[in-house]
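So the chains spell out like this:
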Amino acid sequence: MTPRLFTRIASWFEARTLPATASPSGDGAWEQGNAAIADVTRWGWLPALSGVSIAADHAAAAHREKAAAASKG
C-alpha cells in the first residue's frame, strides 16, 4: 500500500459526505448524523486493513521458515 492510495481513499469518502446545509429539521441532528456516518465510513475499513497486514506478516514469517528449512536439507 502506498500513501497515495490512502489519500485517494480519504478523498473518495470526503467527496461523498452530505453537505451540512442539507438539514431538513434545522436542529443540528442531521449534521451530527452525517458526521457520525462519515467517521464510520472513513475509518471502518481500518480493522480489515490491519488484518491483511497481520496476515502478510505471518505469511512472510512462514515463508522465511520454510525457505530456511529447505536450504538446510
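Residues numbered from 1 in each chain as written. Predicted model: local features only at pLDDT ≥ 70, side-chain atom pairs only at ≥ 80, totals over all residues. Heavy atoms only, no water.

To continue, consider the environment of Phe 13. With respect to the secondary-structure elements, Phe 13 resides in helix H1 (residues 3–15). Distance from Phe 13 to Arg 42, taken between C-alpha atoms, is 6.2 Å for residues 29 residues apart in sequence. Excluding its chain neighbours within four sequence positions, the residues that come into contact with Phe 13 are Thr 41, Arg 42 and Trp 45. (Helix = DSSP H or I, 4+ residues; strand = E, 2+ residues; numbered from the N terminus. Contact = heavy atoms within 4.5 Å.)

Okay, the environment of Arg 42 next. Residue position: Arg 42 is located in helix H2 (residues 29–43). In this structure, the C-alpha to C-alpha distance between Arg 42 and Glu 14, residues 28 residues apart in sequence, is 8.2 Å.

Now for the confidence of the model for the protein chain. Here the protein chain shows a mean pLDDT of 77. Residues at 70 or above account for 78%. Averaged over each element, pLDDT in the protein chain is lowest for H1 (74) and highest for helix H3 (residues 46–72) (87). (pLDDT = per-residue confidence, 0-100.)

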